[in-house]
Amino acid sequence: MSARNAPVLLLENVQRHYEEVGKRLDVLKDANLTIETGEMVALVAPSGAGKSTLLHTAGLLERPNGGEVYLSGQACSGLNDRQRTARRRNDIGFVYQFHHLLPEFSALENVMLPQMIRGLSQSDAKDRAQELLDYMRIGQRAAHRPAELSGGEQQRVAIARAVANAPLLLLADEPTGNLDPETSSYVFEALEALVRQSGLSALIATHNHALAARMDRAITMQDGKLVPFDVKAAVKASL
Ligand SMILES: Nc1ncnc2c1ncn2[C@@H]1O[C@H](COP(=O)(O)OP(=O)(O)OP(=O)(O)O)[C@@H](O)[C@H]1O
């Protein structure tokens, strides 16, 4: 497959199981998924269905037990650990339910760090970090440490950090799950604007049907497989 026209993410018959004492738990059983450039896809599934496992496998944090993960056309099973880390650092941004910001660094420094690890100069990293924080409407809080920020502000910094290296793909695991409904909506709007403006692709796990309905399409997990989810019907049913 040529990298030029390849989808950003392609999962082909991906399998992932965990071995537990005396039994095997099959979480992903032939999971298939294609995400094209600029697509924003919601992953809506009950707790324990395997959303984190899917995101970790797609994000090269875990190796599948079978099948293949392609990132912009490149099969990842042949990559060694160092190459996987490099692809993850350069091409994938992660946002979690809890911000995981480094507590001893300011918001600005948290967004600068991944860029400097990648080799950018301090001044270029600083300019981009400030630009992203301004875009997330939190630029005036750039000098504050995470503990001095509200939950919504912390998540906006975490989102800025996730896209700091201009990844191809953003993977988010309940990015607003820890916030009250109003803050959740505000933070999601900022995330959505950033994704749309930068043209990156995103796979976002959420329990929130209203947020899922704002994405291009939704999928769910059924018996270890990925299937379309009719989010509009789910929203209607909940009214
Ligand atoms: N490292 C592991 N070892 C053994 N079992 C695991 C491991 N990680 C996850 N599991 C199990 O795999 C299943 C899927 O877990 P996963 O965290 O992917 O689900 P989830 O849909 O993200 O759940 P939640 O919405 O509660 O975060 C669960 O039954 C979980 O207990």
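Residues numbered from 1 in each chain as written. Predicted model: local features only at pLDDT ≥ 70, side-chain atom pairs only at ≥ 80, totals over all residues.

In this section: the overall build of the protein chain. The secondary structure content of the protein chain amounts to eight helices and 10 strands. Taken over the C-alpha trace, the protein chain has a radius of gyration of 18 Å; the compact-globule value for 239 residues is 18 Å, and the two agree within 12%. Overall, the protein chain is about 50 × 50 × 40 Å in size when its C-alpha atoms are taken along their principal axes. A burial count over the protein chain gives 40% of its 239 residues as buried. Of the contacts made within the protein chain by residues no fewer than 6 positions apart, 72% connect residues no fewer than 24 positions apart. (Helix = DSSP H or I, 4+ residues; strand = E, 2+ residues; numbered from the N terminus. Rg over C-alpha atoms; globule rule 2.2 N^0.38 Å. Buried ≥ 20, exposed ≤ 12 C-beta atoms within 10 Å, placed from the backbone. Contact = placed C-beta atoms within 7 Å.)

The mixed open sheet is built from six strands, whose spatial order is E6-E7-E8-E3-E9-E10. Looking at strand neighbours, the two that pair on one side only are strand E6 (92-95) and strand E10 (225-228), the edges of this open sheet. Strand after strand, the sheet turns through a mean of 25 degrees between neighbouring axes, direction not considered. Here strand E7 (residues 169-173) pairs with strand E8 (residues 201-205) via five bridges, running parallel. Bridging across to E8, Ala172 finds its partner in Ile204. Each of strand E3 (40-43), E7 and E8 touches helix H1 (residues 51-58); the most contacted strand, E7, lies at about 155 degrees to it. (Pairing = 2+ DSSP bridges. Axes fitted to C-alpha atoms, helices over the stretch in contact; angles between N-to-C directions.)

Close to the ligand lie Tyr18, Glu20, Leu25, Val27, Ala45, Ser47, Gly48, Ala49, Gly50, Lys51, Ser52 and Thr53, which account for all nearby residues. Broken down by secondary-structure element, the contributors of at least two residues to the shell around the ligand are strand E1 (9-20), strand E2 (23-35) and H1. Sort the elements by how many residues they give to the shell around the ligand and H1 lands first, with three residues. When its residues are assigned to classes, the shell around the ligand shows five nonpolar, five polar and two charged. (Near = placed C-beta within 6 Å. Nonpolar A, V, L, I, M, F, W, Y, C, P; charged D, E, K, R; others polar.)

Counting residues in each nonpolar core, the largest one holds 66 residues, and the members touching the most others are Leu43, Val111, Leu133 and Leu170. What Leu133 contacts, discounting residues up to four positions off in sequence, is Ala107, Leu108, Val111, Ile138, Gly139, Ala142, Val157 and Ala160. (Core = buried A, V, L, I, M, F, W, Y, C linked by C-beta atoms within 7 Å.)

Before going further, it helps to spend a moment on the UniProt feature "domain: ABC transporter" (unreviewed entry) in the protein chain. As annotated by UniProt and renumbered to match this structure, "domain: ABC transporter" (unreviewed entry) occupies residues 9-237. Along residues 9-237 the backbone is 37% helical and 27% strand, and the end-to-end C-alpha distance reaches 31 Å. (UniProt positions renumbered as here; feature names shortened; annotations may be inferred.)

With that settled, consider the pairing of E2. Of the pairings in the sheet, the one linking E1 to E2 comprises nine bridges and is antiparallel in character. When the sheet's bridge partners are listed, Glu19 is paired in E2 with Arg24. Where E1 folds back on E2, the antiparallel hairpin that results is connected by two residues, among which Gly22 adopts a positive phi of roughly 80 degrees.

Walk down a regular strand and you will see the side chains alternate between the two sheet faces. Relative to E8, E3 runs parallel, the two sharing four bridges. Note that in E8 the partner of Ala42 across the bridge is Ile204. As judged from the three bridges shared by E3 and strand E9 (residues 217-222), these two strands associate in the parallel manner. Looking at the pairing, Ala42 lines up with Ala218 of E9.

This brings us to unusual backbone geometry. Residues other than glycine seldom take positive phi values, yet Asn13 does so here, at roughly 50 degrees. Tracing the sequence through the fold places Asn13 in strand E1. Residues other than glycine seldom take positive phi values, yet Ser72 does so here, at roughly 40 degrees.

Attention shifts here to the packing of helix H3 (residues 107-117) against helix H5 (residues 151-162). It is at 8 Å that the axes of H3 and H5 come closest, and there the two elements cross at 20 degrees. The angle between H3 and H5 places the two elements in the roughly parallel class. As H3 packs across H5, the resulting crossing turns out to be right-handed. Touching Ala107, Asn110, Val111 and Pro114 of H3 are Val157, Ala160 and Arg161, all from H5. (Parallel < 35°, antiparallel > 145°, perpendicular 65-115°, else oblique. Left-handed = near helix turned anticlockwise from the far one by under 90°.)

Right, let's talk about the sheet that holds E2 for a bit. If you walk across this open sheet you meet the four strands as E2-E1-E4-E5, and the pairing is antiparallel. Each edge of the sheet is formed by a strand with only one pairing partner; in this case those strands are E2 and strand E5 (74-75). Examined bridge by bridge, strand E4 (residues 66-71) and E5 share two bridges and lie antiparallel to one another. Looking at E5, one finds that Tyr70 is bridged to Ala75.

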